[in-house]
Amino acid sequence: MKKNNFLFCIAFALLLTACNENLDHPNDLQVKNANDPIVKTNSSARATSTIKVGDFNGDGTSDILHTTGTIWEISYGGNSAFTFALNSSALAKDLVIGDFNGDNKSDVLYGTGAQWNISYGGTNLWTVSIATTTVASDLLAGDFNGDGSDDILFGTGGQWNVSYNATSLWSVVNIKSQIASQLKIGDFNNDGKSDVLYGNGSQWNISYSATGAWTTSITTSTTAPNLAVGDFNADGFSDVLFGTGSQWNVSYGGTSLWTVVLYTSTTAPDLHIGDFNTDGHSDVFYATGAQWNVSHSATSPWTVYFYSSVF
C-alpha cells in the first residue's frame, strides 16, 4: 500500500511539473479545436520564416517565394513544386516585395546596408537602385502617388521619406515619428493610393496617401504587429484582420467595427496575404511546417494547398 502511494505521489509530481512548464511557455502549446485543423507551432520558430508572397509571373494568382540561403525558388500559385528562380543568399526576412516598375509582376528589393538591389520579377539578376543604408526592416512598400508602381516609405523617427518606384532619391512626405514596425499599408479609401495605418494602443489613425494628417478610425487596442491587411471582400477598400488566438476578426475598410469571420488559433505574425484563386478577394496563407493551408477571403475553413515543410 505504501509503495502504491509512493508511486502515485511521483506520478502526480511529474504531471504538475509538466503543467507548469506549459503554463510558463504558452506559445509552445499545440492549439486545436473542431473548427481549426491547424496546429499552432512555436512562435520563436515562426520568426525564421523563409517565404514571401507575391505574383511573380503576373498571372493574377499569388505565388510563394522560398529563400534557402543559396538560391530562391518559387511555387507558382502556391500549390506547385518549386521552380528555380535565382542564385542569391538574401533571405526572406531581408526582402521587400512590391511591383516597382508597374508591369503587374512582383519584384524583390534587398537592402545591403549600402544600396538597394532589385530583382525584377524575382527571377532577374540584381539591378542596383539607390545608395542608402536602409534595409528591409526599415521599409514599407506601397503606391503612394497612385501611378501603378510601388514606392518605398521609410520612417526616420522624425519624418516619413518616400522613394518613388524604389528608384528615386528620398522625398519628405510627412512629419511623423512612427517607423515601419508600427505601421500597416493599405488603400483604405479606394482612391488607388496607398495609405498608412497606425494603432497607438487605444485607436487606429490613418494618414491618407502617407501625406495627410492623422484621421481617427476606430477605437481598438490592437497595433501593427498583430494585424494583417488585405481586401477580403473585394470591394476595393483594404480591410484589417486581427487574430485573437481563438478567432479572426475583420474591420472592413479599416473603419468598421470588428466582424468575426473564422474560428482559428492562428494569428497575424504567422499569416501571409495573397489571392490564391484569382477571384479578387484576398486570401490568408499559413504554413504549418508540414503543409500549406489557405483560407479563401479569410472566411472559409482551411484548405490544404500543398504538402511542404517550408514555412
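Everything here concerns the structure above.
What you see is a predicted model, and the numbers here were worked out from it, not measured in a lab. (Residues numbered from 1 in each chain as written. Predicted model: local features only at pLDDT ≥ 70, side-chain atom pairs only at ≥ 80, totals over all residues. Heavy atoms only, no water.)

Focus: the overall build of the protein chain
Thought 1: Helix and strand counts for the protein chain stand at two helices and 24 strands.
Thought 2: Sorting the 311 residues of the protein chain into buried and exposed places 46% on the buried side.
Thought 3: Partitioning the intrachain contacts of the protein chain with sequence separation of at least 6 by distance along the chain shows that 38% fall at a separation of at least 24.
Thought 4: On the protein chain, roughly 14,000 Å² of surface is accessible, and the fraction owed to carbon and sulfur atoms is 54%. (Helix = DSSP H or I, 4+ residues; strand = E, 2+ residues; numbered from the N terminus. Buried < 20%, exposed > 50% of the residue type's maximum accessible area, 1.4 Å probe, protein only. Contact = heavy atoms within 4.5 Å. Areas by Shrake-Rupley, 256 points an atom, 1.4 Å probe, with all protein chains shown as cover.)

Side note on the nonpolar core
Thought 1: Among the nonpolar cores identified, the biggest contains 13 residues, and Phe232, Leu241, Trp248, Leu271, Val284, Ala298 and Trp302 are the most heavily contacted of them.
Thought 2: For this core, the elements supplying multiple residues, two or more each, are strand E19 (248-251), strand E20 (259-262) and strand E22 (283-287).
Thought 3: Once residues within four sequence positions are removed from consideration, Leu241 is found in contact with Asn226, Leu227, Ala228, Phe232, Trp248, Asn249, Val250, Leu271, Val284 and Ala298. (Core = buried A, V, L, I, M, F, W, Y, C linked by side-chain atoms within 4.5 Å.)

Examining the sheet that holds strand E12 (residues 171-174)
Thought 1: Taken in spatial order, the four strands make up an open sheet running E9-E10-E11-E12, and their pairing is antiparallel. Of all the strands in the sheet, the pair left with one neighbour each is strand E9 (139-142) and E12. Taking the axes of each pair of neighbouring strands and ignoring which way they run, one obtains an average angle of 35 degrees across the sheet.
Thought 2: For strand E10 (residues 151-155) and strand E11 (residues 160-163), the ladder comprises four bridges, and the chain directions are antiparallel. Considered in E11, the bridge of Phe154 is made with Asn161. (Pairing = 2+ DSSP bridges. Axes fitted to C-alpha atoms, helices over the stretch in contact; angles between N-to-C directions.)

Re the side chain of Thr222
Thought 1: By secondary structure assignment, the location of Thr222 is in the loop between strand E16 (215-219) and strand E17 (227-230).
Thought 2: Accessibility expressed as a relative area gives 7% for Thr222, which makes it buried.
Thought 3: A distance of 3.1 Å separates the side chain of Thr222 from the side chain of Trp204, its partner in a polar contact.
Thought 4: A polar contact is formed between the side chain of Thr222 and the side chain of Thr220, at a distance of 2.9 Å. (Polar contact = N/O pair within 3.5 Å; in protein donor to acceptor, adjacent residues only side chain to side chain.)

Brief notes about unusual backbone geometry
Thought 1: Even without a glycine there, the phi angle at Asn104 is positive, about 70 degrees.
Thought 2: Examined against the element boundaries, Asn104 turns out to sit in the loop between strand E5 (95-98) and strand E6 (107-111).
Thought 3: We note that Ser297 has phi near 60 degrees; this positive angle belongs to a residue other than glycine.
Thought 4: Of note, Ser297 is situated in the loop between strand E23 (292-295) and strand E24 (303-306).
Thought 5: Exposure remark for Ser297: the relative accessible area of 13% places this residue in the buried category.

Some remarks on the pattern of salt bridges
Thought 1: Here the structure, examined in full by the defined rule, presents one salt bridge.
Thought 2: Residue Lys93 is joined to Asp94 by a salt bridge in which the shortest nitrogen-to-oxygen separation is 3.3 Å. (Salt bridge = Lys/Arg side-chain N within 4 Å of Asp/Glu carboxyl O.)

A look at the sheet that holds strand E3 (residues 71-75)
Thought 1: With antiparallel pairing, four strands are arranged side by side in an open sheet as E1-E2-E3-E4. Each having just a single partner strand, strand E1 (51-54) and strand E4 (83-87) make up the two edges of the open sheet. Pairwise comparison of adjacent strand axes, ignoring direction, gives a mean angle of 25 degrees for this sheet.
Thought 2: Bridge count for E3 against E4 is four bridges, and the pairing is antiparallel. Opposite Ile74, over in E4, you have Thr83 as the bridge partner.

Notes on the environment of Gln182
Thought 1: Counting through the fold element by element, Gln182 comes out in the loop between E12 and strand E13 (183-186).
Thought 2: In this structure, Gln182 is in contact with Ser177, Leu197, Tyr198, Gly199 and Ala224, ignoring residues within four places of it in sequence.

What to know about the packing of aromatic side chains
Thought 1: In the structure shown here, the tally under the stated rule is 15 aromatic pairs.
Thought 2: Both rings, one in Trp72 and one in Trp126, keep their centres 5.3 Å apart while their planes meet at 90 degrees; by these two values the pair is edge-to-face. Taken together, the residues span a long stretch of sequence, with Trp72 in strand E3 and Trp126 in the loop between strand E7 (115-119) and strand E8 (127-131) at a distance of 54 residues. (Phe/Tyr/Trp six-rings, centres within 6.5 Å; stacked < 30°, edge-to-face > 60°.)

Some words on the environment of Gly142
Thought 1: The topology assignment puts Gly142 in strand E9.
Thought 2: Separated by 43 residues in the primary sequence, Gly142 and Ile185 have C-alpha atoms spaced 6.6 Å apart.
Thought 3: When sequence neighbours within four positions are dropped, the list of residues in contact with Gly142 reads Asp150, Asp151, Ile185 and Ser194.

Digging into the side chain of Ser300
Thought 1: Its location among the elements puts Ser300 in the loop between E23 and E24.
Thought 2: Given the relative accessible area of 18%, Ser300 is considered buried.
Thought 3: In terms of polar contacts, Ser300 uses its side chain to reach the backbone amide nitrogen of His296, at 2.8 Å.
Thought 4: Leave out the neighbours within four places in its chain, and Ser300 touches Leu262 and Ser295.

Function-wise, these values are silent; they only describe arrangement.
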